Amino acid sequence: MTERRIRFSLDSIPASDGAGVRLRRSLGARRGLHLDPFLMLDEFSSDDPDDYIAGFPPHPHRGFETVTYMLDGRMEHKDHMGNTGRLDPGGVQWMTAGRGVIHSEMPRQREGRLRGFQLWINLPAAEKMRPPAYRDLAPQDIPEFEPANGVRIRAIAGATSLRADGRSDDILGAINTGHERSTDPLLLDVALAAGRSVEIDLPPGHNAFAYAVDGTPQVAGEALSANAAGLLGPGDRVVLSAPDDEPARVLLLAAKPIEEPVVQYGPFVMNTREEIEQAMIDYRNGTLTDATDA
Ligand code: MN
């Protein structure tokens, strides 16, 4: 039984995506530098509308899931299935592209701060061509736990146990993934008052990382670098804490690795080059999203 520590700090680099949204990309910024099954993590954060106003006009995805977590500001999602959803501060959109989704993600504001994260989680071969699915979680749909004074956890996905102040608690996220998808992701937003800490169980076989949201959160007593994904080493639990003089907030993510070849071309993530070529043909022919032969 070991405690997980930061094994590698993966700095983010400035990037631009969609129609020119400026963001910082840690996981996925360089080819091959991801953490199976996490393909990509983008953080967008700006008070300047020029950095985000162009948004992400209609574009396709196939073969994986996208998770958007809004902290500040509002975005609107529309897809080919006729879904429209608004993402408010604290809300989450969990989209399983599966065989294919064509959607847009556009800011619903002309000024003010826009901050949030987009995470890409891969799907195994057996689930890549499943029918697409989409869930909007309003801020109040995300269970919040306060296992001890000064420890507040928003459980977006997964289930686990934790300990704080000598007390044990089980927590269950809004997306209970164990039965729905084999990657079984855990996604927690952990806010800690100055000097507080929490110990969270993580399945030993899952890959995990942490990302600082506010302040300087610590993993096993070591500070997370700002704007970087702290990839965690092996173990069955992790201790997150805030320094003695200020609060801290941290995202904790863990999931079961898929251990299959990853071939990515932009918004398509498959196992082979032939499948990528097929995705491009399907997109060109307008059949990317057809619910046939799946
Ligand atoms: Mn998208």
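Model, not experiment: these values are computed from the prediction. (Residues numbered from 1 in each chain as written. Predicted model: local features only at pLDDT ≥ 70, side-chain atom pairs only at ≥ 80, totals over all residues. Heavy atoms only, no water.)

Quick notes on the overall build of the chain
For the chain, the helix and strand inventory stands at two helices and 26 strands. Counting the 294 residues in the chain, one finds 52% classified as buried. Surface exposure of the chain reaches about 12700 Å², of which carbon and sulfur atoms provide 47%. When the 31 basic and 44 acidic side-chain charges of the chain are each reduced to a single mean position, those positions are 2 Å apart. (Helix = DSSP H or I, 4+ residues; strand = E, 2+ residues; numbered from the N terminus. Buried < 20%, exposed > 50% of the residue type's maximum accessible area, 1.4 Å probe, protein only. Areas by Shrake-Rupley, 256 points an atom, 1.4 Å probe, with all protein chains shown as cover. Lys, Arg positive; Asp, Glu negative; His and termini not counted. Charge placed at Lys NZ, Arg CZ, Asp CG, Glu CD.)

Regarding the pattern of salt bridges
In the structure shown here, the tally under the stated rule is 23 salt bridges. Between Asp 88 and Arg 86 there is a salt bridge whose closest N-O contact spans 3.0 Å. According to the relative accessible area criterion, Arg 86 is partly exposed, its value standing at 47%. Between Glu 199 and Arg 163 there is a salt bridge; the shortest N-O distance is 2.6 Å. Highlighted residues: Glu 199 in strand 18 (residues 197-201) and Arg 163 in strand 15 (residues 159-164), separated in sequence by 36 residues. (Salt bridge = Lys/Arg side-chain N within 4 Å of Asp/Glu carboxyl O.)

What about the sheet that holds strand 1 (residues 6-11)?
As summarised here, the arrangement of the seven strands in space is 1-22-19-24-17-14-13, forming an open sheet in which the pairing is antiparallel. Whereas interior strands pair on both sides, the edge strands pair on one side only; in this sheet they are strand 1 and strand 13 (144-148). Strand-to-strand, the axes of this sheet are offset by a mean angle of 25°, without reference to chain direction. (Pairing = 2+ DSSP bridges. Axes fitted to C-alpha atoms, helices over the stretch in contact; angles between N-to-C directions.)

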